[in-house]
Amino acid sequence: MIDIQTLRRDAAQVESRLKTRGFVFDRAGYEALEARRKALQTRAEALQAQRNALSKQIGQAKGKGEDASALLAEVNAVTQEQAGIPAELESVQASLDALLASLPNLPHESVPVGRSEADNVEVRRWGTPATFDFAVKDHLDVGEPLGLDAAAGAKLSGARFTVMRGGVARLHRALAQFMLDMHTTRHGYTECYTPYLVNASALFGTGQLPKFEEDLFRVQKLGDQGPAAGTEAGQEASGQAVPATMYLIPTSEVSLTNLVAGEILPGEALPLRLTAHTPCFRSEAGSYGRDTRGMIRQHQFDKVEMVQVTRPEDSYATLESMVGHAEAILQALELPYRVVALCTGDMGFSAAKTYDLEVWLPGQSAYREISSISNTEAFQARRMQARFRPADAEGKGGKGKAKPEHVHTLNGSGLAVGRTLVAVLENHQQADGSVRIPKALQPYMGGVEVLKP
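Residues numbered from 1 in each chain as written. Predicted model: local features only at pLDDT ≥ 70, side-chain atom pairs only at ≥ 80, totals over all residues. Heavy atoms only, no water.

The name recorded for the chain in an unreviewed UniProt entry is Serine--tRNA ligase, from Lautropia mirabilis ATCC 51599. Under Sequence similarities (unreviewed entry), UniProt gives the following word-for-word description of the chain: "Belongs to the class-II aminoacyl-tRNA synthetase family. Type-1 seryl-tRNA synthetase subfamily." Quoted verbatim from the Function (unreviewed entry) heading of the UniProt record, the comment on the chain is "Catalyzes the attachment of serine to tRNA(Ser). Is also able to aminoacylate tRNA(Sec) with serine, to form the misacylated tRNA L-seryl-tRNA(Sec), which will be further converted into selenocysteinyl-tRNA(Sec)." (UniProt positions renumbered as here; feature names shortened; annotations may be inferred.)

Below is the structure:
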């Protein structure tokens, strides 16, 4: 979430910056809540001071043998008024917290202002789209003879699921392994294996909840009737700590980033570079009718994720390096692409700045997103309470421990495995229906140079 102090200092500026994202901030509602919060806190402090003064007067009166009944009555009245303040203050604070949790991140000053993807700005291109002397096929037509089976996926699970067999399944696995090896051996990431199910607080931490619950798959735990049926008592009795309701991860950004939730990291531990290969699950709410053919928009897909946790002053240099890490994968796979800076109106909820990598797909004669890499600054860190402590020497006067600061978190696809498979099939297809395997990938395919029907 955004910094509450920034909001308190200049709500008008926050309103203006959020407007560039197409977000309407209820500034009047916020200011009314904030005014009420301040009034309650001021009144609570005044009442406590009044009660302290009266208590002192009562003590003095009793010491002199004077009647203190009037003072005691006044203290009782003050106490009664005090008793009602905490509940009202808690209600006001809950409303403020809910409002703050609903606000997207403030865009970085370098982000181009715009309303939609039409206003995104191309930064650079790499590679030249290939020309073909035969009729180009899309990935589904190329892939079906190689083992790509959308019909089987629909039979098992419904639309937007795919089964892979044989050569295509091996190619899909090879791509994931190649990406992990590149990131761990060349780019300095630590490979992780994380849960595919997470609790609500993890999704709140990275910004998926509460606003985007409809995009998630929620898993409700079922069991026997009585205390053991998913209740806290039942969990404790059985030695389980699994919440009754959990969610399938939409990306391993959620699990990787939340590894630092609630932590105060030593400054020398930063940056953290983490990567994981996981399935991802998305309901694709609001995407009905889009990309219904093939593997571009699936409910279940694999992704190799990159996450970095950095000091604030390092995060924008880190963003550029992470873009380079994703680009290195595309270049090694000989896939033409372009880098695009997203405009304010097209960025994700948690992002302060985002680059998209778009790969060329001959079957569509278009560039399509294959990676999105974002700096969220301290937005996620505030929601997760993830901080670091600078070295002692950086404290005031070099004495004692420096005050903890929020980390900056960054995330990006390195890459989406299914979409990379799509790009390889389409860009490296040959006239006889076979697909050429890029040299960098051949060791992961057992030396196979061409995938044949």
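Anyway, onward from the coordinates.
Peer 1: Can you explain the domain arrangement of the chain? Please cite residues and give values.
Peer 2: Domain annotation for the chain reports domain 1 (26-102) and domain 2 (117-451). One C-alpha centre belongs to domain 1, the other to domain 2, and the line joining them spans 50 Å. (Domains from an automatic or database assignment.)

Peer 1: Before we move on, can you summarise the side chain of Arg160 with the specific residues and values?
Peer 2: Turning to its location among the elements, Arg160 is positioned in the loop between helix H6 (150-157) and strand E3 (163-164). Buried within the structure, Arg160 lacks any salt-bridge partner; Glu284 is the closest side chain of opposite charge, at an N-O distance of 5.6 Å. Polar contacts involving the side chain of Arg160 include one to the main-chain carbonyl oxygen of Arg297, which spans 3.2 Å. (Helix = DSSP H or I, 4+ residues; strand = E, 2+ residues; numbered from the N terminus. Buried < 20%, exposed > 50% of the residue type's maximum accessible area, 1.4 Å probe, protein only. Lys, Arg positive; Asp, Glu negative; His and termini not counted. Salt bridge = Lys/Arg side-chain N within 4 Å of Asp/Glu carboxyl O. Polar contact = N/O pair within 3.5 Å; in protein donor to acceptor, adjacent residues only side chain to side chain.)

Peer 1: Any chance you could break down the nonpolar core for me, citing the residues and the numbers?
Peer 2: Core analysis: the biggest nonpolar cluster contains 49 residues, and Leu171, Leu175, Leu330, Leu357, Ile373 and Leu441 have the highest contact counts within it. A per-element tally of this core places helix H7 (residues 166-185) first, with nine residues. Apart from the residues lying within four places of it in its own chain, the contact partners of Leu330 are Trp126, Leu335, Tyr337, Leu357, Val359, Ile370 and Leu415. Within the second largest apolar cluster, 27 residues are counted, among which are Leu18, Ala61, Val78 and Phe349. (Core = buried A, V, L, I, M, F, W, Y, C linked by side-chain atoms within 4.5 Å. Contact = heavy atoms within 4.5 Å.)

Peer 1: Report on the packing of H7 against helix H11 (residues 315-332), specifying residues and quantitative values.
Peer 2: The N-to-C vectors of H7 and H11 enclose an angle of 130°; their axes lie 10 Å apart at closest approach. In terms of orientation, H7 lies oblique with respect to H11. As H7 packs across H11, the resulting crossing turns out to be right-handed. On H11, the residues touching Phe178, Met179, Met182 and His183 of H7 are His325, Ala328, Ile329 and Ala332. Residues that form the contact of H7 with H11 fall into these classes: six nonpolar, two polar and no charged. (Axes fitted to C-alpha atoms, helices over the stretch in contact; angles between N-to-C directions. Parallel < 35°, antiparallel > 145°, perpendicular 65-115°, else oblique. Left-handed = near helix turned anticlockwise from the far one by under 90°. Nonpolar A, V, L, I, M, F, W, Y, C, P; charged D, E, K, R; others polar.)

Peer 1: Pulling in residues and values, what's your account of the packing of helix H2 (residues 11-19) against helix H3 (residues 27-63)?
Peer 2: Interaxial distance between H2 and H3 falls to 11 Å at its minimum, and their mutual angle equals 150°. Between H2 and H3, the crossing angle belongs to the class labelled roughly antiparallel. The chirality of how H2 crosses H3 is right-handed. In contact with Ala11, Ala12 and Glu15 of H2, H3 contributes Arg27, Tyr30 and Glu31.

Peer 1: Could you give me a rundown of the sheet that holds strand E8 (residues 264-266), with the residues and numbers involved?
Peer 2: With respect to topology, three strands assemble into an open sheet ordered E8-E14-E15, the strand pairing being mixed. Since the sheet does not close on itself, it has two edges, and those belong to E8 and strand E15 (405-406), each with one partner. Bridge analysis of E8 against strand E14 (residues 387-389) gives three bridges, and the strand direction is parallel. Pairing of Pro266 across the sheet is with Arg389, part of E14. (Pairing = 2+ DSSP bridges.)

Peer 1: So what's going on with the packing of aromatic side chains? Residues and values would help.
Peer 2: Aromatic ring pairs are described here by two measures, namely the spacing of the ring centres and the angle between the planes. On inspection of all chains with the given rule, the structure shows eight aromatic pairs. On the numbers, 5.6 Å between centres and 75° between planes, the contact of Phe349 with Phe379 is edge-to-face. Placement of Phe349 in the loop between strand E11 (337-341) and strand E12 (353-361) and of Phe379 in helix H12 (residues 379-384) is noted, with a sequence separation of 30 residues between them. Assigned by exposure class, Phe349 and Phe379 land together as buried. With centroids separated by 5.1 Å and ring planes inclined at 65°, the aromatic side chains of Trp360 and Tyr367 adopt a geometry described as edge-to-face. (Phe/Tyr/Trp six-rings, centres within 6.5 Å; stacked < 30°, edge-to-face > 60°.)

Peer 1: Help me get a handle on H6, residues and values and all.
Peer 2: Looking at where H6 begins, the residue whose side-chain oxygen comes 3.2 Å from the main-chain nitrogen of Ala151 is Asp149. Where H6 terminates, the next one or two residues include Gly158, which has phi positive at roughly 110°.

Peer 1: Outline H3, listing residues and values.
Peer 2: The end-to-end C-alpha distance of H3, which contains 37 residues, comes to 54 Å, matching closely the 54 Å that a straight helix rising 1.5 Å per residue would cover. When H3 is considered as a whole, its buried residues turn out to be Tyr30, Glu34, Arg37, Leu40, Leu47, Leu54, Ile58 and Ala61. After H3 finishes, the residue Gly65 shows a positive phi value of roughly 75°. (Expected span 1.5 Å × (residues − 1).)

Peer 1: Quick rundown of the pattern of salt bridges? Include the residues and the values.
Peer 2: Within this structure, the stated rule accounts for 16 salt bridges. Taking the shortest distance from any N to any O, the salt bridge between Glu313 and Arg311 comes out at 3.9 Å. Between Arg436 and Glu334 there is a salt bridge, with the nearest N and O atoms lying 3.1 Å from each other. Residue Arg436 is found in strand E17 (residues 435-436), and its partner Glu334 is found in the loop between H11 and E11; the two are separated by 102 residues along the sequence. Since its relative accessible area comes to 32%, Glu334 is described here as partly exposed. A single salt-bridge network, built from bridges that share partners, covers Glu122, Arg125, Arg338 and Glu358.

Peer 1: Break down the UniProt feature "binding site: ATP" (unreviewed entry) in the chain for me, with residues and values.
Peer 2: The UniProt entry lists Arg282, Ser283, Glu284, Glu369, Ile370, Ser371 and Ser372 under the feature "binding site: ATP" (unreviewed entry), expressed in the numbering used here. We classify Arg282 as partly exposed; its relative accessible area is 28%. Residues within four places of Arg282 in sequence aside, it is in contact with Asp215, Phe217, Pro250, Thr251, Gln298, His299, Phe301 and Lys303. Topologically, Ile370 is positioned in strand E13 (residues 366-375). Residues contacting Ile370, with those up to four places away along its chain left out, are Leu330, Leu357, Glu358, Val359, Ser413, Leu415, Ala416, Arg419 and Thr420.

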